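Spelled out from the first residue to the last, the chains are:
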Amino acid sequence: YCMNGALGYRKGTFEVINAYREIRKDHPDWDVELHLKTSAKGMLPQMEEWAPGLKLYNQMFWREELIEFYNKMDCMVAPSRGEGFHQPPLEFLSTGGIVITTTWGGMETWYDQRWCYPVEHEVVNIGNKWPSAMPNSKWIDPVPESIKSQMEYVYLHQDEAFKKAATASKEIPDLFGWDVIAKQMIDRISELNG
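So, a few notes on the structure that sits alongside this text. (Residues numbered from 1 in each chain as written. Predicted model: local features only at pLDDT ≥ 70, side-chain atom pairs only at ≥ 80, totals over all residues. Heavy atoms only, no water.)

### Notes on the pattern of salt bridges
Under the convention used in this document: Should a side-chain nitrogen of Lys or Arg be within 4 Å of a carboxyl oxygen of Asp or Glu, the pair is scored as a salt bridge. Secondary structure elements follow DSSP: runs of H or I of four or more residues count as helices, runs of E of two or more count as strands, with numbering from the N terminus. A simple rule labels every residue: compare its accessible area, found with a 1.4 Å probe on the protein chains alone, to the largest value its type can have, and call it buried under 20%, exposed over 50%, or partly exposed in between.
Tallying each qualifying case throughout the model produces 11 salt bridges. Across the pair R81 and D141 runs a salt bridge, and its minimum N-O distance is 3.3 Å. Of this pair, R81 sits in the loop between β4 (75–78) and α4 (87–94) while D141 sits in strand β8 (residues 138–142), placing them 60 residues apart in sequence. Between E191 and R188 there is a salt bridge whose closest N-O contact spans 2.6 Å. One end of the pair, E191, and the other, R188, are both in helix α7 (residues 178–193), 3 residues apart, so they sit about a helical turn from each other. Assessed through its relative accessible area of 56%, E191 is described here as exposed. Through salt bridges with shared partners, a single ionic network connects R10, K11 and E83.

### Topic: the packing of aromatic side chains
When we look at a pair of aromatic rings, we describe it by the centre distance and by the angle of the planes. Applicable threshold: Side-chain rings of Phe, Tyr and Trp (the six-membered ring for Trp) are treated as a pair once their centres are within 6.5 Å; stacked means planes under 30 degrees apart, edge-to-face means over 60, and tilted covers the remaining angles.
Scanning the entire structure with this criterion turns up 9 aromatic pairs. Ring centres 5.9 Å apart and planes at 70° place the aromatic pair F61 and F69 in the edge-to-face group. Ring centres of Y117 and Y153 lie 5.8 Å apart, and the angle between their planes is 55°; on these two criteria the pair is classed as tilted. With Y117 in strand β6 (residues 116–118) and Y153 in helix α5 (residues 144–156), this residue pair connects regions lying 36 residues apart in the sequence.

### A word on helix α3 (residues 63–72)
The condition that has to hold: By arc we mean the arc of the directions from the helix axis to the C-beta atoms, nothing more. For this analysis, residues touch if any pair of their heavy atoms sits within 4.5 Å.
Residues L66, F69 and Y70 constitute the buried set of α3. Viewed along the axis of α3, the buried residues span an arc of 95°, placing them on a single side of the element. With respect to the buried face of α3, the exposed residues turned more than 90 degrees away are E64, N71 and K72. Lining the buried residues of α3 we find β1 (2–5), β2 (34–38), β3 (54–58), β4 and α4.

### A word on the packing of α5 against helix α6 (residues 158–176)
Put simply, the rule is: For helices, the fitted axis covers only the stretch in contact; all axes are lines through C-alpha atoms, and the angles between them, taken along N-to-C directions, range from 0 to 180 degrees. Here the angle decides the label: under 35 degrees means roughly parallel, over 145 means roughly antiparallel, 65 to 115 means roughly perpendicular, and every other value means oblique. Ten residues, namely Ala, Val, Leu, Ile, Met, Phe, Trp, Tyr, Cys and Pro, are considered nonpolar, four, namely Asp, Glu, Lys and Arg, are considered charged, and the remaining ones, Gly among them, are considered polar.
Contact geometry of α5 with α6 gives a least axis separation of 5 Å together with a crossing angle of 95°. Between α5 and α6, the crossing angle belongs to the class labelled roughly perpendicular. Taking contact as the criterion, the partners of Y153, V154, Y155 and L156 in α5 are, on α6, Q158, E160 and A161. Its residues placed into classes, the contact of α5 with α6 shows 5 nonpolar, 1 polar and 1 charged.

### Describing α7
The test is simple: Helix span is expected to be 1.5 Å times the residue number reduced by one.
Over its 16 residues, α7 extends 22 Å from the first C-alpha to the last, a length consistent with the 22 Å expected when each residue adds 1.5 Å. Two residues or fewer past α7, G194 is found with a positive phi of approximately 75°.

Geometric descriptors of this kind do not, in isolation, establish any biological role.
Next comes the structure, spelled out in structure tokens:
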């Protein structure tokens, strides 16, 4: 399993770590690891001792290094509370990786059950949990049990999961490749300029 991004509370990072720790406890015979690639300051090296099998990469990667990281991983877990788009899981899908994600906000743009596994969630008021949130702003709380059960499901149904990943690696570049997005932006700017 892996995650990538400015990992912290909003990304659901701690829920994934807890789910991973429970999986290791419940299934000691499973050969699983959790790799966290982040540039966030809150991920401390001591976390690797607290959660055996957790590997932390607290640095920026060049494009080639990121692709190499993705190619070594099987499943990205991305239960974010809210995103404008959430590009890392989409990048991972395009490389043939399996994705478990929430389906609210930016993820709705690209989520499809043909290539992702959904995490159950509840829409809640942000309140004072995010400093820059406007009053009455909402985001989601991913259901921890759903994260764990999807992680277990993917492990137990790898053939199905890799078929979904193969579908994504064929379709995602045609839907969200840079050429496609650049053309959409040019068309939108032209439309706005009349």
